[in-house]
Amino acid sequence: MKEHLYIHGACYESSSGESFETINPANGKVIAHVDQASEHDVEKAIQSAEKGFKVWSSMTAVERGRILLKAVALLRERNNEIAALEVIDSGKPLQEANSVDIHSGADVIEYYAGLVPALQGTQQDLDSNTFYMSKREPLGVCVGIGAWNYPIQIACWKSAACLAAGNSMVFKPSEETPLSVIKLAEIYTEAGMPPGVFNVVQGDFRVGQLLTRHPRVAKVSFTGESSTGKKVMTDASGTLKEVTLELGGKSPLIIFEDADIDNAVSGALLANFYTQGEVCTNGTRVYVHSKIYDQFLKKAAIRSKKIKLGDPMNIDTQMGALISSKQLDKVMIYIDKARESGARLIVGGSRHNSKETENGFFVEPTIFADCKDDSEHVIDEIFGPVMSVLSFDNEDEVIRRANNTKFGLAAGVFTKNINRAHRVINQLEAGICWINSWGDSPAEMPVGGYKESGIGRENGPETLKSYTQIKSVFVRLDNIDSPY
Ligand code: NAD
């Protein structure tokens, strides 16, 4: 299979003569050869997006919303086909991709399609002869750069607010998962979106750099590692672009002694093993009160051992393969480091090896107990199915320890005491917080990080505004009082 770029409403063959392979993480086989975009292709994509922007931004918000809603219907109609593609490209289980990835992407497009006609400017009288008004105008050509863990969802989330507000977008998916975003581009075209409004360029960091440094790009919305986010921000500063950065995390999940223990275990398992642990918001530092520590570990171990790991295309499989052999090696190094730190291995700790998984990048769901705050596996983002459990005795202590990280993406609390839940959440340094839950991310709720987990937000009403700029217009009805 050959995969190309998507520019001006059609498939576009790169001029670079260079291509890269995308691999099925479940069996290591090559799925497709994908064009690497050249500088010339990037320029083509930007020029096309400038043309698309002219047409799209002159349409009314209701007209744009109508086209976006058609795309939503097509996404839902093709859910199973896109989910299957996502599974072979990313290694995640079909039971997740079928029910979450495309639906949650479509939900956000639907949300902004409905919200954008209600976006208004303001008018304020200043005195009887003057007033000012403000208009919200789109920014122009924006860039989206995606990570590999939720490829189509990230493309939907980034394009939704951007396009609804009247901008155009050039999107670069991760080179690890380049396939599903082409389906989104085709769907946008089929729904009636003018050519150039959503273009796709493929390739590695070189293409990312060409986009973030491009002088005619107004904004970059990036999802990826914190270290890459810093490079993107530096590159974007050369032309003073706006940036939204959705970055990594090492989020704390705090379980108090009065929590419903089974719900808390459910939360902790979801927070560590969903999508093989490759979720940015994962609650990988699980602080459990000493009074229920042993009970928690026992229950978590029993349920983790039952997780069905294997061929992700099998609808019964609950945990699939890590994205690449490089990621597998990284996760195994952290598991070794955890062992060396003296942490107690409760479950897993090995590469999964069966006839079904021997050629793929599978790691068993892994739980370490008695972890120490200063161990590397507790400090660093691993991005794999490795839960670190730590014991605590009181509220102030656990808040201090939970906040002792450079990251600030997510945090959660399990307790039946609603006063305590809010008191603790109010003191946690994180952009996305859950009380007695983990991982929910409805379109209405803004998501993004504090500290080195990011800048700006996705989803929710504010994000739509972040894809607009305010034009203030002062109006005088009487004569100007001039000294000249
Ligand atoms: P990554 O930083 O390696 O790559 C992300 C994207 O950036 C890729 O498309 C890559 O090609 C591109 N890129 C690499 N170098 C670049 C450069 N110098 N300039 C421009 N683009 C460049 O991240 P990844 O390994 O693909 O994804 C995993 C990371 O993403 C984790 O840290 C995870 O926490 C984070 N993530 C965050 C969120 C969130 O919403 N906060 C969501 C998903 C993933």
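This report concerns the structure included in the present document.

Conventions used here
- Residues numbered from 1 in each chain as written.
- Predicted model: local features only at pLDDT ≥ 70, side-chain atom pairs only at ≥ 80, totals over all residues.
- Heavy atoms only, no water.
- Helix = DSSP H or I, 4+ residues; strand = E, 2+ residues; numbered from the N terminus.
- Buried < 20%, exposed > 50% of the residue type's maximum accessible area, 1.4 Å probe, protein only.
- Areas by Shrake-Rupley, 256 points an atom, 1.4 Å probe, with all protein chains shown as cover.
- Pairing = 2+ DSSP bridges.
- Core = buried A, V, L, I, M, F, W, Y, C linked by side-chain atoms within 4.5 Å.
- Contact = heavy atoms within 4.5 Å.
- Near = heavy atom within 4 Å.
- Polar contact = N/O pair within 3.5 Å; in protein donor to acceptor, adjacent residues only side chain to side chain.
- Nonpolar A, V, L, I, M, F, W, Y, C, P; charged D, E, K, R; others polar.
- Axes fitted to C-alpha atoms, helices over the stretch in contact; angles between N-to-C directions.
- 1 Å grid on protein atoms, 1.4 Å probe; cavity = no way out; pocket = protein on both sides within 12 Å on 5 of 7 lines; lining within 4 Å.
- Points joined across faces, edges and corners; volume = space filled by probe spheres on them.
- Salt bridge = Lys/Arg side-chain N within 4 Å of Asp/Glu carboxyl O.

## Concerning the overall build of the protein chain
The number of helices and strands found in the protein chain is 15 helices and 23 strands. In terms of its C-alpha atoms, the protein chain occupies a principal-axis envelope of roughly 80 × 55 × 40 Å. Residue burial in the protein chain is summarised as follows: out of 484 residues, 56% are buried. Taken as a whole, the protein chain presents about 19900 Å² of accessible surface, with 50% of it coming from carbon and sulfur.

## Describing unusual backbone geometry
Unusually for a residue other than glycine, Gln-276 sits at a positive phi of about 55°. Relative to the assigned elements, Gln-276 resides in the loop between helix H9 (261-273) and strand E14 (285-289). The backbone phi angle of Asn-459 is positive, close to 70°, even though this residue is not glycine. Looking at where Asn-459 falls in the secondary structure, it is placed in the loop between strand E22 (454-455) and helix H15 (460-466). Residue classification places Asn-459 among the buried residues on the basis of a relative accessible area of 0%.

## Some points on the pairing of strand E4 (residues 19-23)
Residues Phe-20 and Thr-22 of E4 are buried on one face, while the alternating residues Ser-19, Glu-21 and Ile-23, pointing to the opposite face, are not. One ladder, built from five bridges, connects E4 with strand E5 (residues 30-35); its direction is antiparallel. Note that in E5 the partner of Thr-22 across the bridge is Ala-32. The antiparallel hairpin formed by E4 and E5 contains six residues in its connecting segment, where Gly-28 sits at a positive phi of about 75°.

## Thoughts on the nonpolar core
If you look at the biggest cluster of nonpolar residues, it comprises 89 residues, and the most contacted ones within it are Leu-75, Leu-163, Phe-198, Ile-255 and Phe-296. Ranked by residues supplied to this core, first place goes to helix H5 (residues 151-164) with ten residues. For Ile-255, the residues in contact, after removing those within four places along its chain, are Ala-264, Val-286, Tyr-287, Val-288, His-289, Ile-292, Phe-296, Phe-392 and Phe-414. Core analysis: the next-biggest nonpolar cluster, separate from the first, contains 29 residues, Ile-335, Cys-371, Ile-382 and Ile-399 among them.

## As for the site of the ligand
Near the ligand, the surroundings consist of 26 residues, among which Gly-146, Glu-175, Thr-228, Leu-247 and Glu-381 are the closest. Separating an oxygen atom of the ligand from a side-chain N or O atom of Glu-175 is a distance of 2.7 Å. In the model, an oxygen atom of the ligand is placed 2.9 Å from a nitrogen or oxygen of the Glu-225 main chain. Secondary structure elements with two or more residues in the shell around the ligand: helix H7 (205-212), strand E11 (219-223) and helix H8 (226-237). Class assignment for the residues of the shell around the ligand results in eleven nonpolar, nine polar and six charged.

## Regarding the sheet that holds strand E17 (residues 386-392)
Strands pair in a sheet through their backbones, by hydrogen bonds, and they do so in one of two ways: parallel or antiparallel. Here we have seven strands laid out as an open sheet, ordered E15-E16-E17-E14-E13-E19-E20, and mixed in their pairing. Lying at the two open borders of the sheet, with one neighbouring strand each, are strand E15 (344-347) and strand E20 (432-435). Ignoring strand direction, the axes of neighbouring strands in this sheet form an average angle of 20°. In terms of strand pairing, E14 meets E17 through five bridges, oriented parallel.

## A short note on the layout of surface pockets
In this structure, the second largest pocket spans a volume of roughly 310 Å³. Forming the boundary of the second largest pocket are 14 residues, of which Leu-270, Phe-273, Tyr-274, Ile-307 and Gln-318 lie nearest the centre. Elements supplying a minimum of two residues to the lining of the second largest pocket: helix H4 (94-115) and H9. The residue makeup of the lining of the second largest pocket, split by class, is seven nonpolar, four polar and three charged.

## A few points about the pattern of salt bridges
Inspection of the entire model under this criterion finds 28 salt bridges. Of the charged contacts, one joins Asp-258 and Arg-420 as a salt bridge, the two residues approaching to 3.4 Å between their closest N and O atoms. Here Arg-420 lies in helix H14 (residues 418-427) and Asp-258 lies in the loop between strand E13 (252-255) and H9, a separation of 162 residues in the sequence. Looking at Asp-258, the relative accessible area reads 23%, which means it is partly exposed.

## What to know about helix H6 (residues 180-190)
The complete set of buried residues in H6 reads Ser-180, Val-181, Ile-182, Leu-184, Ala-185, Ile-187 and Tyr-188. Looking at the residues trailing H6, positive phi occurs at Gly-192, about 110°.

## Re the sheet that holds E4
Read across the open sheet, the three strands follow the order E1-E5-E4; overall the sheet is mixed. Two strands bound the open sheet, and with one partner strand each, they are strand E1 (2-3) and E4.

## Details of the environment of Asn-272
Take Asn-272: it is sitting in helix H9. As a C-alpha pair, Asn-272 and Gly-384 span 112 residues in sequence and 7.9 Å in three-dimensional space. Look past the residues within four positions of Asn-272 in its chain and what remains in contact with it is Gly-277, Asn-282, Gly-283, Thr-284, Val-286, Gly-384, Pro-385, Val-386 and Met-387. Of note is the side chain of Asn-272, whose polar atom sits 2.9 Å from the backbone oxygen of Ala-268. Among the polar contacts made by the side chain of Asn-272, one reaches the main-chain carbonyl oxygen of Gly-283 at a distance of 2.9 Å.

## Section: the side chain of Thr-405
Within the secondary structure, Thr-405 sits in the loop between helix H13 (395-403) and strand E18 (407-408). At 3.0 Å, the side chain of Thr-405 and the backbone nitrogen of Phe-407 are in polar contact.

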